[in-house]
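Commentary on secondary and tertiary structure
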Amino acid sequence: SGPLLSVRDLTMTFPGRRSASGRRGAPVRAVDGVSFDLAAGETLGLVGESGCGKSTTGRMLVRLLEPTSGSITFDGRDITRLSQRGLRPHRRHLQMVFQDPHSSLNPRQTVARIICDPLLVQGWSATDARRRAAELMDLVGLIPEQIDRYPHEFSGGQAQRIGIARSLATSPRLIVADEPVSALDVSVQAQIVNLMERLRRELGLAYVFIAHDLSVVKRVSDRVAVMYLGRIVEIGEKRALYESPQHPYTRALLSAVPLPDPAAERRRERIVLLGDPPSPAAPPPGCTFHPRCPKAQEVCRTERPLLRIAASREVACHFPGD
Ligand code: SF4
Ligand code: MG
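Model, not experiment: these values are computed from the prediction.

Conventions adopted
Residues numbered from 1 in each chain as written. Chains lettered and ligands numbered in written order. Predicted model: local features only at pLDDT ≥ 70, side-chain atom pairs only at ≥ 80, totals over all residues. UniProt positions renumbered as here; feature names shortened; annotations may be inferred. Helix = DSSP H or I, 4+ residues; strand = E, 2+ residues; numbered from the N terminus. Core = buried A, V, L, I, M, F, W, Y, C linked by C-beta atoms within 7 Å. Buried ≥ 20, exposed ≤ 12 C-beta atoms within 10 Å, placed from the backbone. Contact = placed C-beta atoms within 7 Å. Pairing = 2+ DSSP bridges. Expected span 1.5 Å × (residues − 1). Arc of directions from axis to C-beta.

Notes on the UniProt feature "domain: ABC transporter" (unreviewed entry) in the protein chain
- Summarizing the sequence annotation, UniProt attributes the feature "domain: ABC transporter" (unreviewed entry) to residues 5-254 in the numbering used throughout.
- In the segment residues 5-254, helix accounts for 38% and strand for 25%; the C-alpha atoms at its two ends are 27 Å apart.

Given below as structure tokens:
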């Protein structure tokens, strides 16, 4: 059988912002030709700095945003151009968990209402939906007796558990989690990551797990894709990518991940990148990473490197490796 999710050349171009004088700026290519496959039950970590297009990619995958071009095939069906109505039978299989649990939950709805809503849309009876919501609360480590409370009565970590329960209500096969722990206290982050990992195993879920650093996705991912300025610059099996990153950007991101052994941590070399990522409205020519790359050569300023196989993964760099 084929992959659960197959993404080809996904692109999102936003119209340029209008300036005070009313003139429109250049269109912004937020996502520029992203392709990958995801098997059922597999987790892809999608990592990059803010503004690299990872959230936009995630929203396109669950069709909260319509791509400018490219295709999304889910379970063998092209869902790229389906209308909201045509999408309805697939909706239940594609769910999203958002970054800020409190702002993604309606403050005027009870937990029961929040978790039941997707079920009522699918035609469940109120009684069955409420029973299912209570089961889901238990599954994610909440107290089912608190089902009639409101989101503000819960901590950030608990609120994210509510968001996860809601995403699970319709028994999805794929969950796109957009930085699901970055708004939470550090002490709570590991609990939520562990919960999501357990749910994946027990329910056979596939995840696209979005994060801005490589430490968060290390535990949950089977494969990792690193994005820079709208493109995947390295994608491969987790172990290979963490043990021998091939793209200079991946190396820099990885050098910021704390090592568990303090001695190794002291010896290790930090690669500090100069400056911020350039604006996607005015991407540099050639390799878009060249203004910040410690390995940049002349060719990097003119020729765009395409993804190609290097050291058993795909890398977009003229000089992969160390
Ligand atoms: Fe650096 Fe050149 Fe590789 Fe781009 S192509 S990452 S500038 S070495
Ligand atoms: Mg984001």
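So, next bit.
Quick look at the nonpolar core
- If you look at the biggest cluster of nonpolar residues, it comprises 79 residues, and the most contacted ones within it are Val47, Ala165, Val208, Ala225, Val226 and Met227.
- For this core, the leading source of residues is strand S8 (residues 206-211), giving six residues.
- Beyond its immediate sequence surroundings of up to four residues, methionine 227 is in contact with Leu46, Val47, Gly48, Cys52, Gly53, Lys54, Ile232 and Val233.

Description of the sheet that holds strand S2 (residues 28-38)
- The antiparallel open sheet is built from four strands, whose spatial order is S2-S1-S4-S5. At either end of the open sheet lies a strand with only one pairing partner, and these are S2 and strand S5 (77-78).
- By the bridge criterion, five bridges tie strand S1 (residues 5-14) to strand S4 (residues 69-74) in an arrangement that is antiparallel. Bridge pairing in S4 places arginine 8 opposite serine 71.

Focus on helix H7 (residues 186-203)
- The terminal C-alpha atoms of H7 lie 26 Å apart, and with 18 residues this matches the ideal 26 Å at 1.5 Å per residue to within 8%.
- For H7, every residue scored as buried is listed here: Ile192, Val193 and Met196. Looking straight down H7, one finds that the buried residues subtend no more than 100 degrees of arc, so they occupy a single side. In H7, the exposed positions angled more than 90 degrees off the buried face are occupied by Ser187, Arg201 and Glu202.
- In the core, the buried residues of H7 are packed alongside helix H6 (156-168), strand S7 (174-178) and helix H8 (214-218).
- Among the residues trailing H7, glycine 204 stands out with phi positive, at a value near 65 degrees.

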